[in-house]
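Secondary and tertiary structure notes
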Amino acid sequence: MPGRDKTIHPLHVLIIEENVHHAELLTELLDQRFAPVVIHTVDTYEDGVEFLSLSNYDIVLSDSAVGSNTIEQYVDEMVESARGTPVIVITGRGDEALAARLTRKGVAEYLVKTQQTLEQLGDTIQKHLKRSKKNKSRNAALPLITHTLEGEVERELERFREHVRELLKKKKLPEVTEIDSLSQQLAHIRTLASSLKK
């Protein structure tokens, strides 16, 4: 597999793995596929959470059990500290129930260590990097979209108030067409407000 363009910024990876040989194998696979790559390896979940809270990573690779602890004990902290960075669990033991629980809590992928999954690991990581980049771009645009919608809601509310003030000045019952117009304005305001809640 060709490496990445050396002019682009290095891929930053955190590996949580106590088995030195497994960590070296992952490092070698990452170097072959994603060079340039910066890899930090830790052998406890506590260190993993701490590293995630202090640095930004592009991907996290973690074993499902380290020492006497399991990832399930730390998954909430890990996903929160990762701040949208994909967490991929690579384990020697397949457990469908655990995989389902972890993915519900925000783990990007649960892989059983086999020759095939290791050979496909580069593609799996690439898939999650693309998805993460897309999500981060969308999240970056949200404040601007929200601000624009808030401004539109304010303008529509002001137009509605002005319409009501004009009707009150006339001191007579509004025509059917005026009531329809007010209803349409209210419906539009409701639609904008519901968009803000999403």
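Before reading further, recall that the structure is shown in the block above.
Let me begin by describing the structure that accompanies this report. (Residues numbered from 1 in each chain as written. Predicted model: local features only at pLDDT ≥ 70, side-chain atom pairs only at ≥ 80, totals over all residues. Heavy atoms only, no water.)

Comments concerning unusual backbone geometry
- Of the consecutive residues Ala35 and Pro36, the connecting peptide bond is found in the cis state with omega at 5°.
- In this structure, Pro36 sits in the loop between helix 1 (20-34) and strand 2 (37-42).
- Here Arg83, not a glycine, exhibits a phi torsion of approximately 50°, which is positive.
- Within the fold, Arg83 resides in the loop between helix 3 (75-82) and strand 6 (87-91). (Helix = DSSP H or I, 4+ residues; strand = E, 2+ residues; numbered from the N terminus.)

Quick look at the side chain of His128
- Positionally, His128 belongs in helix 6 (residues 121-170).
- Here the side chain of His128 touches Glu109 through a polar contact of 2.6 Å, side chain to side chain.
- Beyond its immediate sequence surroundings of up to four residues, His128 is in contact with Ile59, Pro86, Ile88, Ala108 and Glu109. (Polar contact = N/O pair within 3.5 Å; in protein donor to acceptor, adjacent residues only side chain to side chain. Contact = heavy atoms within 4.5 Å.)

Topic: the pairing of strand 3 (residues 59-62)
- Burial along strand 3 is two-sided: the face carrying Ile59 and Leu61 and the face carrying Val60 and Ser62 are both buried.
- Direction of pairing for strand 1 (residues 11-16) relative to strand 3: parallel, over a ladder of four bridges. Note that in strand 3 the partner of Ile15 across the bridge is Leu61.
- In the sheet, strand 3 pairs with strand 6 via three bridges, with the strands oriented parallel. Counterpart to Ser62 in the pairing with strand 6 is Val89. (Buried < 20%, exposed > 50% of the residue type's maximum accessible area, 1.4 Å probe, protein only. Pairing = 2+ DSSP bridges.)

Re the sheet that holds strand 1
- Taken together, five strands build an open sheet; the order of strands is 2-1-3-6-7 and the sheet is parallel. Across the chains shown, the open sheet's two edge strands, defined by having one partner strand only, are strand 2 and strand 7 (109-112). Between one strand axis and the next, the sheet turns through 20° on average, direction left out of account.
- Sitting on the sheet, helix 2 (residues 45-54) touches strand 1, strand 2 and strand 3, and the angle it makes with strand 1 is about 160°. (Axes fitted to C-alpha atoms, helices over the stretch in contact; angles between N-to-C directions.)

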